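Descriptive analysis of the structure
Chain by chain, the residues:
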Amino acid sequence: MSRSGTTVRKSAAACDKGRRFLRNLAWISIAALLLRLGVSAELAAINGGNNSVFSPSKLSDLATYMQLARDMAAFQYSGEFYYQPFYYAVFLPVLYLVSGASIWFVIAVQSLLGAGCCWFAGLSAARLFGRNAGYAAAVLTAISTPLLLYTPFHQNETLQSFNLTLLFYLVLRAMEWKQLRFWITAGIMTGIAILTRGNIWILIPGIVLLGVLAGRRRAVSGRRIAAGLGVFAGLLIAVQLPFAIHNTRVTGRLSGPSTAADAVLGLGNSQEAPPGGREPGLPAGPMEYPEAWHRMMELSRSGVSVAEQMFDWMCREPAAFFELQFRKLLLFWDYREIPNNVSLYGEGEASRILQVLVFGRSGLLLALALAGIVVLLPRLRLRDSLPVWLLFYFIAAYWGATALFYILSRFRAPILPLAAVAGGAFAGWMIRRWKSAPQARKQTLLLGGGALVAAFWLTTSGYEFYRQQCEAAVMRLVRPAGTRLDLGGGKSAWFDYGPLTFGGWQELPLEPGMMLEKRFPLSPARAELEWTLLTVTPGRLAVKINGEDQLFDLDRPGFSKVRMPVSCTDGTVRVDLLAVSGEQRLICDAQRNYHRSRWNGRPLDGEWIMRLYPLPEEEAGGDGEGSFPENRTLPVEK
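Here goes a summary of the coordinates provided. The structure displayed is predicted, hence computed values, not measured ones. For every chain, the first residue of its written sequence is number 1, and the numbers climb from 1 along that sequence. Residues qualify for local features only when their pLDDT is at least 70, as the model is predicted, and side-chain atom pairs are given and counted only at 80 or more; totals for whole chains, interfaces and linings, by contrast, use all residues. The side-chain values count all of the structure's non-hydrogen atoms but skip hydrogen atoms and water molecules.

**Comments concerning a positive patch on the surface**
Our working definition: The patch calculation keeps residues exceeding 30% relative accessible area without a salt bridge and links them within 9 Å when they carry like charges or within 5 Å when they are nonpolar (Val, Leu, Ile, Met, Phe, Trp, Tyr). In these tables, accessible area is a Shrake-Rupley quantity obtained with a 1.4 Å probe, and a residue counts as shielded only by the protein chains included in the view. What counts as a salt bridge is simple: a side-chain nitrogen of Lys or Arg found within 4 Å of a carboxyl oxygen of Asp or Glu. Lys and Arg are tallied as positive, Asp and Glu as negative. Neither His nor the chain termini are counted. One atom stands in for each charge, and that atom is NZ of Lys, CZ of Arg, CG of Asp or CD of Glu. Working definition: helices are DSSP H or I runs of at least four residues, strands are E runs of at least two. Numbering for both runs from the N terminus.
Judged by side-chain charge, K17, R20, R23 and R131 come together as a positively charged surface patch. Take R20: it is sitting in helix 1 (residues 3-44).

**Considerations on the sheet that holds strand 4 (residues 515-519)**
Under the convention used in this document: By this definition, two strands are paired if DSSP reports at least two bridges between them.
Strand order across the open sheet formed by six strands is 7-6-9-4-11-12, with antiparallel pairing between neighbours. Of all strands in the sheet, those with a lone pairing partner are strand 7 (548-554) and strand 12 (602-603), marking the two edges. Relative to strand 9 (residues 572-580), strand 6 (residues 539-545) runs antiparallel, the two being bridged by five bridges. By the bridge assignment, V543 is partnered in strand 9 with L577.

**Considerations on helix 10 (residues 222-251)**
Formally: Here the expected length of a helix is defined as 1.5 Å per residue gap, with one fewer gap than residues. Working definition for bend: take the seven residues up to and ending at a residue and the seven starting at it, fit an axis to each, and measure the angle between the axes. Accessibility here uses a 1.4 Å probe with only protein chains present; expressed as a share of the type maximum, an area under 20% marks a residue as buried, one over 50% as exposed, and anything in between as partly exposed. Contact between two residues is taken to exist if any of their heavy atoms lie within 4.5 Å; hydrogens are not considered.
Taking 1.5 Å per residue as the helical rise, helix 10 with its 30 residues ought to reach 44 Å, and the 41 Å between its terminal C-alpha atoms agrees with that figure. Helix geometry: helix 10 is bent most strongly at L241, by close to 45 degrees, with proline P242 lying one to four residues after it. Taken residue by residue, helix 10 has I225, G228, L229, F232, L236, Q240, F243, A244, H246 and N247 as its buried positions. Summarising the contacts, the buried residues of helix 10 are in contact with helix 3 (86-99), helix 8 (181-196) and helix 9 (204-217). Of the residues flanking the end of helix 10, it is G252, one or two places downstream, whose phi is positive at about 80 degrees.

**Some words on the side chain of R173**
Looking at the secondary structure, you find R173 in helix 7 (residues 157-174). Sequence-distant contacts of R173, defined by excluding residues within four places in its chain, comprise R127 and F182.

**So, the nonpolar core**
For the record, the criterion: Throughout, nonpolar core names a set of buried Ala, Val, Leu, Ile, Met, Phe, Trp, Tyr and Cys residues whose side chains join them through atoms within 4.5 Å.
Counting residues in each nonpolar core, the largest one holds 151 residues, and the members touching the most others are F91, F129, L391, F394, L418 and V421. With 14 residues, the single largest contributor to this core is helix 4 (residues 103-129). Residue contacts for V421: discarding those within four places in its chain leaves A121, S124, A125, L128, F129, A137 and L391. Core analysis: the next-biggest nonpolar cluster, separate from the first, contains 30 residues, L522, A527, L541 and L586 among them.

Here's what the structure looks like:
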């Protein structure tokens, strides 16, 4: 047979395989659509339809998006765009106008977007790593429980997941520099993605850099590269411009398309901030808004942006600042879903599909993604692997951009389809190595299996290992003086305990005759002490604090904060428990241990939940030298 005939047969076989792959990928995407519709039907049936799908709590973002979209659809919207506006100002109003504000129509469209994530994740993985990787990425995306869970609700995670997956595919095609239309559509999609969630800005430098490198590698002229990237940049800005102009006109100052950045940024970057918004395993509910966050918002309203405040804290306490960022970065890869408006452990419990799809939990997907990165990264060369570098850049940049704020399951969800692409890369690498190198199968198992085991440990145990075994000791190093909040006007607050969320708060018995001690790293002659207790049943508490009798009414269940004047010239507060009625509990934080708390004369393995407020007129001489201790230099007592 002639060489040309052989080439034609190989080409025809490749076309057949390509068509078969697309057909199979379509079937997987249809299955993803049906799964999403099935889960949506289960969640919509909760409580006879009186649930967060149709009538969410007025305190939730779901209700806010729903009401704003109705106002937009009725052409009655006024005021600034506080949240990133595309979802509630464009996407939902269009669907409402088309369908007569049908919730089921929104569910159907968002289910289609979820199927689209599956399609483009499979296409991207196949282009990068082969058809087996494409199948694996599509299946992982199809069964991902967070992506299934968020489908029927009025929140932008499904839309943003689609935006990010499609954007990656478009940039991947644009980097081939064959057709300029891919840079045009990529620019539009980038603008839409930014209008859906602003952290997408962090992707732009990598897109531009890799686009230039890809163009030079393919010997594309500088003029064509400039034209493609110029159109890309121009369109991503043009898409946002109407919303920025509106906000600038309404607020009277230069503004972007949303004005919520300070509030959201402050939640994850105050001196009291937890790394995640809510404890995993809880139902949907509010996040923690500590005193430090309220102080940041006061300064923000007075003209000091949260970014400036973060920079100031980073300069004052660099170790403490970056320790918090590290905790957020680590928590991003944790297998658990951190709830907010919707919870896998609340609404998700009502779906039998979600309960059955145990392999769709994020622990498996994230572990496969990390394993894929581990086995591929050492083999990458910069100039020959630019598309793979693009994938890793998208994942790493989104990881960092999310951790810059705080970690929630719904914030992490949009990157899951691209994490599935990396997981597909691992599956494709294992299959390819197994088939192509039979003599090295033991090495393949050791390398691939080792990477997967390490990734599983990180996703299932990494954060908790740091939290339980390392955090208290690390905090003694990076913040030896504990936490000091500057409250303005010469006021400050001093305490040694950490946040409740992702913290180590523990209950201890409270009985008459007990004695508590708490030392602070300053010695004010006059101050106020805030002491937090847990009230199970209302009652009264009689104590002697530094020799002064105090009586407190604890009249409602929950956390009780009592405040009292104290004088602690030696830096120590001593509390003798005299009498108690009702059922009360002491609370300590076992994730902080500066060795400054004692219980009945013995060291406490943690710190009492107490906060000291030196009175301003005494503050100047509070430590006997006219200054307060600094976290840079204060020694820790052993």
